[in-house]
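# Working through the structure, step by step
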Amino acid sequence: VQAGLADGGEIPPSPYWKDRIVFPDEEFRAPVNLQGEPRWVKFTILAAPYDPNIVYFQDCGEYEFHYHFAVDLVTPFIGMTTREFDEATLYSAGRKGILGAVIMPPDSGWPEPFALSEYGIQFVGRDAYAKEQIAELFEIVKSSIEAEAGVQAFYFPAYEQAATAEEHKAWFESQGIPISSASRWMPGNVIYSTGWALGELKYFQGTNIAHAYQTGQLEPNDILLTDGVPAEVPFVAGVISLSPSTPNSHVSILCRTYGGPFVHVA
């Protein structure tokens, strides 16, 4: 696929992205990290002048993070620093692209087989999206997923989008967009990253984590207890969340990279 611009520009084709995926056996799914955890395919949707109806699904076996995929292969982001990329994707002002993931249920469970005919769609952003924008994006992504009749798509709001989703839950459902989370497949406590750590346990709301770190109230050798994990969390010894996250989150992947524990305590 070559995604066209109004002026004739395009995103170069690559074996590491495509504009349609299949459910459930998609080859671009992230490899299994922990037995029984959900799997996912991350995606990017570009803002005008690129075609906003094209979803760039990335090969998550090759690219774990949105950033590395985008700066390597997606024209408007090539060569950006991480800070420039965050500014261009996580905030509404000057946004050049929208990031997200299709989250699929675990491959197996007990008793086997554990085939669930459902998946979740999630959008990432530090600013809250308007409900109408979420509904439009949801349909664009859903229409780019090939699945059998009867497969249910859910909206899995990220931490920053949870308040909007809860406030307008009835409206979303009236649009055929049921709201849920990956915890529907993993009841009880969930481990996103295994490990161990010693440190002082400190509680901060998700919205206050960055400020606490900047002011020295939260330090790298502390264990963070929080009501929910935002898109970015500074380096700490461990993370305990009181609300569910997802194994595809930036925080989950970084905790696994550094060997730090990250859990949801139900």
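Refer to the structure presented above.
Quick look at the structure, then. (Residues numbered from 1 in each chain as written. Predicted model: local features only at pLDDT ≥ 70, side-chain atom pairs only at ≥ 80, totals over all residues. Heavy atoms only, no water.)

## Focus: the environment of Glu132
The line we're drawing: A run of H or I in DSSP becomes a helix once it reaches four residues, and a run of E becomes a strand once it reaches two; helices and strands are each numbered from the N terminus. Definition of a polar contact: a pair of N or O atoms within 3.5 Å, with one able to donate and the other able to accept a hydrogen when the atoms are protein atoms, and with sequence-neighbouring residues admitted only if both atoms are side-chain atoms.
Within the element layout of this structure, Glu132 appears in helix α3 (residues 131-142). The spacing of Glu132 and Thr226 is 94 residues in sequence and 29 Å in space, taken between C-alpha atoms. A distance of 2.8 Å separates polar atoms of two side chains, one belonging to Glu132 and the other to Lys131.

## Looking at helix α1 (residues 66-73)
Condition: The rule is simple: take the accessible area with a 1.4 Å probe, protein chains only, and divide by the maximum for that residue type; under 20% is buried, over 50% is exposed, in between is partly exposed. Here, residues are in contact when the closest pair of their heavy atoms is within 4.5 Å.
Among the eight residues that make up α1, six are buried, leaving the element largely enclosed by the rest of the structure. Buried residues of α1: His66, Tyr67, Phe69, Ala70, Val71 and Leu73, and no others. Contacts from the buried residues of α1 go to β2 (10-11), β3 (17-18), β5 (39-46), β6 (55-58), α2 (82-89) and β7 (97-104).

## Describing the sheet that holds β3
Each strand in a sheet pairs with another by means of backbone hydrogen bonds, the pair being arranged parallel or else antiparallel. How we decide: Only strands joined by at least two bridges in the DSSP assignment are considered to pair. A fitted line through C-alpha atoms serves as each axis, taken over the contacting stretch for helices, and the angle formed by two N-to-C directions is quoted from 0 to 180°.
Taking strand neighbours across the sheet as the criterion, the six strands line up as β3-β6-β5-β7-β8-β10 in an open arrangement whose pairing is mixed. Of all the strands in the sheet, just β3 and β10 (152-155) have a single pairing partner and so form its edges. Direction of pairing for strand β8 (residues 118-124) relative to β10: parallel, over a ladder of four bridges. What sits directly across from Glu118, in β10, is Gln152. Where α3 meets the sheet, its contacts fall on β5, β6, β7, β8 and β10, and the angle it forms with β8 comes to roughly 130°.

## Here's the deal with the pattern of salt bridges
As a reminder, the rule being used: By convention in these notes, a salt bridge is any Lys or Arg side-chain nitrogen within 4 Å of a carboxyl oxygen on Asp or Glu.
Under the definition given, this model contains six salt bridges. Taking the shortest distance from any N to any O, the salt bridge between Glu118 and Arg184 comes out at 2.7 Å. Taken together, the positions of Glu118 in strand β8 and Arg184 in the loop between α5 (169-174) and β11 (190-193) put the pair 66 residues apart, joining distant regions of the chain. Bridged by salt links that share partners, the residues Lys18, Glu26 and Glu27 form one connected network.

## Things to note about the sheet that holds strand β13 (residues 223-226)
Reading across the sheet, the five strands line up as β11-β15-β14-β13-β12 and stay open at both edges, with mixed pairing between neighbours. At either end of the open sheet lies a strand with only one pairing partner, and these are β11 and β12 (201-203). The average angle at which neighbouring strand axes cross in this sheet is 20°, direction not considered. Across four bridges, β13 lies against strand β14 (residues 238-241) in parallel orientation. The residue of β14 that forms the bridge with Thr226 is Ser241.

## Observations concerning the nonpolar core
Selection rule: Throughout, nonpolar core names a set of buried Ala, Val, Leu, Ile, Met, Phe, Trp, Tyr and Cys residues whose side chains join them through atoms within 4.5 Å.
Ranked by internal contacts, the top residues of the largest apolar core, which has 28 residues, are Phe43, Phe57, Val102, Phe123, Val141 and Tyr155. Taken together, the elements giving at least two residues each to this core come down to β5, β6, β7, β8, α3 and β10. Among the elements that take part in this core, α3 stands out by supplying six residues, more than any other. Sequence-distant contacts of Val141, defined by excluding residues within four places in its chain, comprise Phe43, Ile45, Val55, Phe57, Val102, Ile121 and Phe123. By size, the runner-up hydrophobic cluster in this structure holds 24 residues, among which are Phe154, Phe156, Trp185 and Val229.

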